Number of protein chains: 2
Amino acid sequence: AAGEEAEELTVTVPVVRLRYGEVAEASTVALLPVCRAEEGEEGIAAAPGRCRAEGELGVMAAERGWARWVVLPGWGPVVAAGNGVAVEFVDGRVLPWRGSGGWEEAVLVVADRGRREVGAEDGYYLVGGEEEGRGKGLGVERGGKLMGKGVKEALGTVVLVVKPPREEEDDMLRDEDWD
Amino acid sequence: AAGEEAEELTVTVPVVRLRYGEVAEASTVALLPVCRAEEGEEGIAAAPGRCRAEGELGVMAAERGWARWVVLPGWGPVVAAGNGVAVEFVDGRVLPWRGSGGWEEAVLVVADRGRREVGAEDGYYLVGGEEEGRGKGLGVERGGKLMGKGVKEALGTVVLVVKPPREEEDDMLRDEDWD
């Protein structure tokens, strides 16, 4: 049964660790508004959409003011997100994968607020925390679990998880690390 | 006389042209609030200070919300500016240097609001435009000119001028281009 489950849980979200000094492997950067997980649904609603580069100087224009931002390399999933936001979790262990290795650390979860429908069992979604006893804090849940509870809409689809840079490079998250 | 004057006008402000993809290759980046020149002194006063990177994820935190930003490579003069702001001029010809070559283009002037004293004849300063007939729009003046008028304080010291990327690389501004 454990084997079957492991097979079923395909990793659908890329997890990347920033390298020191890396701002991109691509030729562009993305500027995303940042919410703290504690800010909850209100924070997600208040944060403006991802900044769009304007003009030849590449000035980034948001629909409204915001004070916390993160500059990420122009990775595909980030650039493709229509209405991206980055959520700052101070401890990656609250996320639904096993806390092996370097997960006792801060992580940024990038979600697309333009894709709220819970449509994939093996997708990961940004949700409010009321029912999970997290207070109003934000969390991440697997699509299958939400579907099992009849939840059809989340705050957004998780498109990327970013881990902070480290002295020793480690690999991408392995399948077995997901819960 | 022309020769003497040219010798006197040492270029004290670095002028750089961004290369395509350069921001992404930089090992550090700076996030600066952007004002349009038309926003004048009010815009300069309203724009928050440069964002500071917080924590291991490098989230950029500003003292208050703002909607227009620019991501620049972590160039020395930008990083050293205690209270940096970028001013967007839609036409570089309004700036006090000769309009040769590629200056009929947008430029970003990075100024340090923490250095308001007009202290160097050959420095360049960000000023309001009332007396120059620019309406309330911002401008850049040479220190010597301001001193000649008895102006002791400006809105900030210009630390860098950024030109947009171009297909054909051109060189740094030559001394003769300054007026």
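What counts, and where the lines are drawn
Residues numbered from 1 in each chain as written. Chains lettered and ligands numbered in written order. Predicted model: local features only at pLDDT ≥ 70, side-chain atom pairs only at ≥ 80, totals over all residues. Heavy atoms only, no water. Helix = DSSP H or I, 4+ residues; strand = E, 2+ residues; numbered from the N terminus. Buried < 20%, exposed > 50% of the residue type's maximum accessible area, 1.4 Å probe, protein only. Contact = heavy atoms within 4.5 Å. Areas by Shrake-Rupley, 256 points an atom, 1.4 Å probe, with all protein chains shown as cover. Salt bridge = Lys/Arg side-chain N within 4 Å of Asp/Glu carboxyl O. Polar contact = N/O pair within 3.5 Å; in protein donor to acceptor, adjacent residues only side chain to side chain. Nonpolar A, V, L, I, M, F, W, Y, C, P; charged D, E, K, R; others polar. Pairing = 2+ DSSP bridges. pLDDT = per-residue confidence, 0-100.

## Section: the overall build of chain A
Helix and strand content of chain A: four helices and nine strands. For chain A, the succession of helices and strands along the chain, N to C, is α-β-β-α-β-β-α-β-β-β-β-α-β. By residue count, 52% of the 179 residues in chain A fall in the buried class. Look at the contacts in chain A between residues 6 or more apart in sequence, and 70% of them connect residues 24 or more apart. Summing over all exposed atoms, chain A offers an accessible surface of approximately 8,200 Å²; the carbon and sulfur share of this is 47%.

## Some remarks on the environment of A:Lys152
All names here are of chain A. Its location among the elements puts Lys152 in the loop between α4 (143-148) and β9 (156-163). Among the residues examined, Lys152 registers a relative accessible area of 66% and is labelled exposed. Between the alpha carbons of Lys152 and Gly119 there is a distance of 7.7 Å; along the sequence they are 33 residues apart.

## Quick word on the interface of chain B and chain A
Between chain B and chain A, the residue contacts involve 34 residues of the former and 35 residues of the latter. At the surface where chain B touches chain A, the tally comes to two salt bridges. Between B:Arg68 and A:Glu54 there is a salt bridge, with the nearest N and O atoms lying 2.9 Å from each other. For the pair chain B and chain A, the interface holds nine residue pairs in polar contact (both at pLDDT 80 or more). Those elements that provide at least two residues to the side of chain B that touches chain A are α2 (22-25), β2 (29-36), β4 (59-73), β6 (107-112) and β9 (156-163) of chain B. For the side of chain B that touches chain A, the element with the highest residue contribution is β4(B), accounting for 12 residues. Looking at the side of chain B that touches chain A, its residues break down into 22 nonpolar, four polar and eight charged. By the bridge criterion, five bridges tie strand β4 (residues 59-73) of chain A to β4(B) in an arrangement that is antiparallel. Looking at the pairing, A:Arg68 lines up with B:Ala61 of β4(B).

## A closer look at the confidence of the model for chain A
Here chain A shows a mean pLDDT of 79. Residues at 70 or above account for 70%. Confidence drops under a pLDDT of 50 for residues 1-11 of chain A, and excluding neighbours within four residues, the segment shows eight contacts in the predicted structure.

## Topic: the pattern of salt bridges
All names here are of chain A. One pass over the structure, following the stated rule, counts 10 salt bridges over all chains. In this structure, Glu88 and Arg68 form a salt bridge, with 2.8 Å as the shortest nitrogen-oxygen distance. One end of the pair, Glu88, is in strand β5 (residues 84-89); the other, Arg68, is in strand β4, and 20 residues separate them in sequence. Judged by relative accessible area, Glu88 falls into the buried class, the value being 14%. Relative accessible area serves as the criterion here: at 10%, Arg68 is assigned to the buried category.

## Looking at the pairing of strand β6 (residues 107-112) of chain A
Residues and elements named next belong to chain A. Of all six residues in β6, six are buried, a share of seventy percent or more. Here β6 shows a buried face lined by Val107, Val109 and Ala111 and a second buried face lined by Leu108, Val110 and Asp112. Note: β5 against β6, six bridges, orientation antiparallel. Counterpart to Gly84 in the pairing with β6 is Asp112. Taken together, the five bridges between β6 and β9 define a ladder with antiparallel strand orientation. Pairing of Ala111 across the sheet is with Val158, part of β9.

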